[in-house]
Amino acid sequence: MTRFVLFRIGQSVFTVFGVLTAAFFLVRLSGDPTALLLPEQATAAEVAALRTELGLDRPLWLQYGLFLGKALQGDFGMSFRQHSSALGLVLERLPATLELALTAFVLGIGMAFVAGLALRLSGSRRLRALFYWIAFVRQAIPIFWFGLLMILLFSVSLRWLPSLGRGGIEHLILPALTLATFEFALYLRLLDAAFSEQQTQDYVRTAYAKGQTRARTILQHMLPNALLPIVTVAGINLGVLLGGAVVTETVFSWPGVGRLIVQSVSQRDYPVIIAGILVTSVVFVLINLLVDLLYAVLDPRVRLS
Amino acid sequence: MTQQWERMTFIRLAGALTVASLMGFAASTTAAQAQERRLVVAQSADVLTLDPSVNTAALAINVYLNVYDHLTQINADGSVGPSLALSWDIADGAKVWTFKVRGGAKFHDGTLVTVDDIIWTYKKILADAKSPVRPYLKNVTAIDKIGADSVRFTLDTPFITFDRQVTLVSVLPQKAYEALGPEKFSVQPIGSGPFKVVRWVKDSMVELVANADYWGGAPQVDRVTFRPVPTEAARAAGLASGELDIVPVLPPTLVASLSQRPGIRIEKVPSNRTVYVGFNVTNPGLADVKLRRAIDHAIDREAITSKLLRGMGTPIGQIPAPVLFGHDPAIKATAYDPARSRQLLAEVGYKGEKIVFQYPNNRWAFAEEVAQAIGGYLKAVGIQVELQSMEFSAFFPLWLGNKLGHMYMFSLGITVMDADLILNLEYESEVSHGYWRNAEVDNLAKQQRAETDPEQRKKIMSQVWRMSQENAAFAPIYNEIQAYGVRDRVKWSPRPDERLNFGYGPILTGN
């Protein structure tokens, strides 16, 4: 077990290193930031001076070496545009992203479980058709458009909820629901498919043959087995959510990591882009690690050797 | 069917949310807050720093204008007037500028604004190679304290608009800045302007309160909140829901629908911004003036402004907008004359050589649509155009580095409200980003820069605009009319310079 964990951690570190290297060279392919940092009145000499000041006139291998040296000490440089450390700017926005992503995740998966179990336990075809329709319609509407519809209904027409920014719980409701309903649709289908797969298994037939009730069979026997595929998808999906739900953050003016990274890309703020990618990749890798471990706990067939 | 399901989803969610929302949102607009006169303003992005010595972004300057003072200020009518400086005089052919500084102005920490603070601010900027403010002061060679209350700037060349240029430099408190250090100052700044910064929550809000001790009198608003709202649709929705009071620069598409909503009005103002087409005349394909004239005549500016922009623009024949000092109302927009275009093309023997048309698509409203319209007009007279739409962040370095190879579209909004900067940016050989250059224009530009008689200056500048039009150096397209969405309870009119200054500004009535 310990060996497996250590191996996976080593793998994760290597992954993050690879991501950082790719990010370093990709941002430098995206174009020179110096001209964008200066006003229209800047002369060529001033552009050149700034390039030197930022160290962007050095050969690429040297820039990369210096970057790695500093990165190993946890220093990802200062933002080109703000008087703050790039990593600090990203970490400042992490709470907002965590708040939104985790709320949406829990809400979405919770609703999916309630709905999924309800339709299994009741066995109602109508209920099943209804839930599938809701999931289908929700998944068919792009997040951006769905977010705007939410705003038009709850903020503009009914004036119940604020449409923009982060603040109290009332600010969280619309963006979280926008994401959560999408998650709901995803997990409902997954859960239902997983249940259907279990339905025909021998152990289910045996359970019924032994005289188990429908509810017990579903909750005690089928549910643990149906969870496995969900855990895998949920891990990846939570990683994506924590990387910043860019569209939702943009529509609802939510001050999260995704918006910061997109903004930094358009401004060519290299250090912030790289710090943003670092944070999101670390989060992603960590969650994957947890999923692997959780998987081993849930499924004894998965050996850790 | 789909709509019905949508409605069902809404109703279900609505039911679940009613309780939560009644507790939360409704409670936040209590009577106590209603008594305070507060104003919420949307911008498309957050400020990146509150330290004005290291940032020149237009969105940030809107905040700085409310927090800081400057030696002079641009008035709402575009003229330049006193601010921290009570008066100033010009010597040595506009090379030496002496500003007499007002006594009694105080920073938000209670200390007096001194000549030393002003000199320190300018020297700090000049010493900082990373500061984007520094290029504004490139002509300054010496800054001296004269007596107890004056500051003298010596320039290396005559610069008649230096009194406007100093509006771009916010005065900082030396002691407080040094005590806090740049990093802290950039989040908890201290200025001397009509508002103090209460808090800055990044990507959420910059909150300001009125400075009751302001030398210009306390502002009419108690609290101003700048909120970054990245999407146009969300800004419009925020205005409609009452969460936002002022939404600047609405796209033409939203003007009509928003103006029909109760509680909102649309304020329109002809801006300082012009959208124009430029030519790289050093490219053999565009070197012939007749070909450029053919392009100029092929564009129907009237249709572009009245139909495409829904009236949010006025055709123009020069780069300086009508609100700028130096605009010549006698110069008219080039007439739409496709027959003349075809004739000119025949004269130059144009045989369908491809012309590339580059433009930024996310800098100002409707750039993509206008560029496509221009492309269409050129095709209509037989010119082969290849449209190259790019992000502003890809386009701007090409513009700044004089690397646009063909035909391009650009836009300038001159915040100092004087056309001198246009000569500098688009005409003068030494520094310009335009490609049509000649010695006569260079001389005229220099001449007006040393000319102290305003009428004479206008005449000189007008000569350049005329030569430019005759040579089809550019094809100016339109002057942008800007629309602001304003809630009815706010009595306020926008300025032509795209700036938001609430110091003397809006009066709030009711809720």
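Refer to the structure presented above.
Right, let's walk through the structure included here.

About the criteria used
Residues numbered from 1 in each chain as written. Chains lettered and ligands numbered in written order. Predicted model: local features only at pLDDT ≥ 70, side-chain atom pairs only at ≥ 80, totals over all residues. Heavy atoms only, no water. Helix = DSSP H or I, 4+ residues; strand = E, 2+ residues; numbered from the N terminus. Buried < 20%, exposed > 50% of the residue type's maximum accessible area, 1.4 Å probe, protein only. Contact = heavy atoms within 4.5 Å. Buried area = accessible area lost by both parts, 1.4 Å probe. Salt bridge = Lys/Arg side-chain N within 4 Å of Asp/Glu carboxyl O. Polar contact = N/O pair within 3.5 Å; in protein donor to acceptor, adjacent residues only side chain to side chain. Phe/Tyr/Trp six-rings, centres within 6.5 Å; stacked < 30°, edge-to-face > 60°. Lys NZ or Arg CZ within 6 Å of the ring centre and 35° of its normal.

Bringing unusual backbone geometry into the picture now. One non-glycine residue, R268(A), lies in positive phi territory at about 55°. Tracing the backbone through its elements, the reader meets R268(A) in the loop between α12 (257-267) and α13 (270-298). Accessibility expressed as a relative area gives 10% for R268(A), which makes it buried. Of note, M417(B) is a non-glycine position whose phi angle comes to about 60°, a positive value. Locating M417(B) in the fold gives a position in the loop between β16 (407-413) and α14 (420-426). A relative accessible area of 1% places M417(B) in the buried class.

On to the interface of chain B and chain A. Every contact between the two is made by 65 residues of chain B and, on the other side, 58 residues of chain A. Interface of chain B and chain A: buried area, both sides summed, is about 5,600 Å²; carbon and sulfur atoms make up 66% of it. One can count two salt bridges joining chain B with chain A. A salt bridge links K202(B) to E92(A), with the nearest nitrogen and oxygen atoms 3.3 Å apart. Viewed at the interface, chain A and chain B are joined by eight residue pairs in polar contact (both at pLDDT 80 or more). Looking at the side of chain B that touches chain A, the elements with two or more residues in it are α1 (2-28), α6 (174-185), β10 (223-228), α7 (232-240), α13 (392-400), β16 and α14 of chain B. Looking at which element gives the most residues to the side of chain B that touches chain A, the answer is α1(B), with 13 residues.

Moving on: the packing of aromatic side chains. Given two aromatic rings, their pairing is described by the distance between the two centres and the angle made by the two planes. Summed over all chains, the structure comprises 36 aromatic pairs over all chains. With a centroid separation of 5.7 Å and an interplanar angle of 85°, the aromatic rings of F99(B) and F153(B) are classed as edge-to-face. Of the two residues, F99(B) sits in strand β5 (residues 96-101) while F153(B) sits in strand β7 (residues 150-155), which places them 54 residues apart along the sequence. Across this residue pair, the class does not change: F99(B) and F153(B) are buried. Both rings, one in F392(B) and one in F396(B), keep their centres 5.2 Å apart while their planes meet at 25°; by these two values the pair is stacked. Of this pair, F392(B) and F396(B) both sit in helix α13, separated by four residues, roughly a single helical turn. By the burial criterion, F392(B) is buried, and F396(B) matches it. Here a set of aromatic residues connected by ring pairs shows up, and it is made of Y276(B), F392(B), F395(B), F396(B), W399(B), F410(B), Y427(B), W436(B), W465(B) and F474(B). Note that R28(A) overlies the ring of F24(A), its terminal NZ or CZ placed 3.9 Å from the centroid.

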